[in-house]
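Here's the letter readout for the chains.
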Amino acid sequence: MTDIDDLRWADNYPGQEPCLGEIFCLTFIRGVDEREALHRMGGLPGTVATRTASELEAETNFDNGYPEVAAALPLGTWTVVFEPRGFSGNSMTPVLSRGTEAVSVLRHDYASPGFAYSVDGELVTYFDPTFPTDRDGADPDRLLTSMHDVGFTMGEDDDNFDHDTARSLLLTERLTSVLPTFEALTGPLLSAHFEPWFTDTPRQPAGRPGHDGPVDAITEVRRLTGLLGLTGTPGLAEALAAAERGEKVTVTPESPLGQHVRGWLAESRRAGQSLNDHSGRMTEKERRRRAFDHGWLARALGAALQQVR
């Protein structure tokens, strides 16, 4: 088994090399290859290429719409998906584990880190590695013995702020018998932009800024497309009509409607994330319109189509 000192890269801070950064996610999926792992994440056609970790991070820019990015590394019968500065895999393990199993470790120094283990579409165990006493899932105590073995403490006054990511990886090794090296994760890997909207990951209910609680998703899609002049979006009317009939609707990333959804999501991300780059490439009026309209439209459409599944 791996020694915790060999995993110092998982908890090191910038300036303490080697270091993957203060936010990253590693998601292990059993029995799939790299392409299938990226596909399950919502990998977008036309974006698959071999990139290093630094090249992959460079893809997250204004012109590209700040996409979510991931790389896949084969490890025997498992594939690990690496999201530099990303966190989506940690909430996607039930979908990623269909027909198999998935384990995900999230380091997030500015919000909540997470450890997730799912089997065949069901979340078995989930916990915050800094507060492992509080666990969730269908069987929250299944991993308890292994958690103690790798150094997690469970008393009321205990905390696990030191080496919490490394301990999570040691727990992952107990489940998978594999772990990546820092060098393998940062070297050239098959990678892609991905969009969880195109997966079966549960979506948020449709909402509206300034409106308390959820709204009817189909009604909200029609309101927003009318407001934005998008009622003629190819494939939209047919998708909404099928949803109203209670039929399952699948929108692929390369379909005409899927291409528009990708554009709406990119505009929404530009509106939010360009606040941090101080580029001045989007006015405040554009930002408000794109963030509150295109982003809400994509969310409402996702809720409308998933409610019949």
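Use the structure listed above.
The rules we used
- Residues numbered from 1 in each chain as written.
- Predicted model: local features only at pLDDT ≥ 70, side-chain atom pairs only at ≥ 80, totals over all residues.
- Heavy atoms only, no water.
- Pairing = 2+ DSSP bridges.
- Helix = DSSP H or I, 4+ residues; strand = E, 2+ residues; numbered from the N terminus.
- Axes fitted to C-alpha atoms, helices over the stretch in contact; angles between N-to-C directions.
- Contact = heavy atoms within 4.5 Å.
- 1 Å grid on protein atoms, 1.4 Å probe; cavity = no way out; pocket = protein on both sides within 12 Å on 5 of 7 lines; lining within 4 Å.
- Points joined across faces, edges and corners; volume = space filled by probe spheres on them.
- Nonpolar A, V, L, I, M, F, W, Y, C, P; charged D, E, K, R; others polar.
- Salt bridge = Lys/Arg side-chain N within 4 Å of Asp/Glu carboxyl O.
- Core = buried A, V, L, I, M, F, W, Y, C linked by side-chain atoms within 4.5 Å.
- Buried < 20%, exposed > 50% of the residue type's maximum accessible area, 1.4 Å probe, protein only.

**Here's the deal with the sheet that holds strand S5 (residues 101–108)**
- Taking strand neighbours across the sheet as the criterion, the nine strands line up as S2-S9-S3-S4-S1-S5-S6-S7-S8 in an open arrangement whose pairing is antiparallel. The open sheet has two edge strands with one neighbour each: strand S2 (49–51) and strand S8 (131–136). In this sheet, adjacent strand axes meet at a mean angle of 25 degrees when their direction is disregarded.
- Direction of pairing for strand S3 (residues 68–75) relative to strand S4 (residues 78–84): antiparallel, over a ladder of five bridges. Bridge pairing in S4 places leucine 73 opposite valine 80.
- Across the sheet, helix H3 (residues 89–96) touches strand S1 (23–30), S4, S5, strand S6 (114–119) and strand S7 (122–128), and the angle it forms with S5 is around 175 degrees.
- In this fold helix H5 (residues 164–176) packs onto S1, S4, S5, S6 and S7, with an angle of close to 170 degrees to the strand it touches most, S5.

**Structural notes on the layout of surface pockets**
- Taken as a whole, the largest pocket spans an internal volume of roughly 1100 Å³.
- Those elements that provide at least two residues to the lining of the largest pocket are S3, S4, H3, helix H9 (256–273) and helix H10 (284–306).
- The dominant element in the lining of the largest pocket, judged by the number of residues it contributes, is H10, at five residues.
- Across the lining of the largest pocket, the residue classes tally to twelve nonpolar, eleven polar and nine charged.
- In this model, the second largest pocket occupies a volume close to 410 Å³.
- Along the wall of the second largest pocket there are 20 residues; nearest its centre are His39, Arg40, Phe198, Thr199 and Asp200.
- With three residues, the single largest contributor to the lining of the second largest pocket is helix H1 (residues 34–40).
- Classifying every residue of the lining of the second largest pocket gives six nonpolar, six polar and eight charged.

**So, the pattern of salt bridges**
- Counting across every chain of the model gives 15 salt bridges.
- Put simply, glutamate 101 and arginine 30 hold a salt bridge, and the shortest N to O gap is 2.8 Å. A residue pair is termed long-range when its members are at least 10 positions apart, and glutamate 101 in strand S5 and arginine 30 in strand S1 qualify at 71 residues.
- Notably, a salt bridge pairs glutamate 59 with arginine 51, separated by 3.7 Å at the nearest N-O pair.

**Re the pairing of S7**
- Pairing of S6 with S7, which is carried by five bridges, proceeds in the antiparallel orientation. Following the sheet pairing, tyrosine 117 is matched in S7 by threonine 125.
- Adjacent in sequence and paired antiparallel, S6 and S7 are bridged by two residues, among which aspartate 120 carries a positive phi angle near 45 degrees.
- Here three bridges tie S7 to S8, and the two strands are oriented antiparallel to one another. In the strand pairing of S8, tyrosine 126 is matched with aspartate 136.
- Between S7 and the antiparallel strand that follows it, S8, lie two residues.

**Considering the nonpolar core**
- By size, the foremost hydrophobic cluster in this structure holds 36 residues, and its most contacted members are Trp9, Leu26, Phe28, Phe115, Leu169 and Leu171.
- Counting residues in each nonpolar core, the second largest holds 30 residues, with Ala217, Leu230, Leu301 and Ala304 among its members.

**Description of H3**
- Most of H3 sits inside the fold, with six of its eight residues counted as buried.
- Restricting attention to buried positions, one finds in H3 the residues Gly89, Asn90, Met92, Thr93, Val95 and Leu96.
- Where the residues of H3 are buried, they touch S1, H1, S4, S5, S6 and S7.

In short, the description is geometric, and any link to function would need to be established separately.
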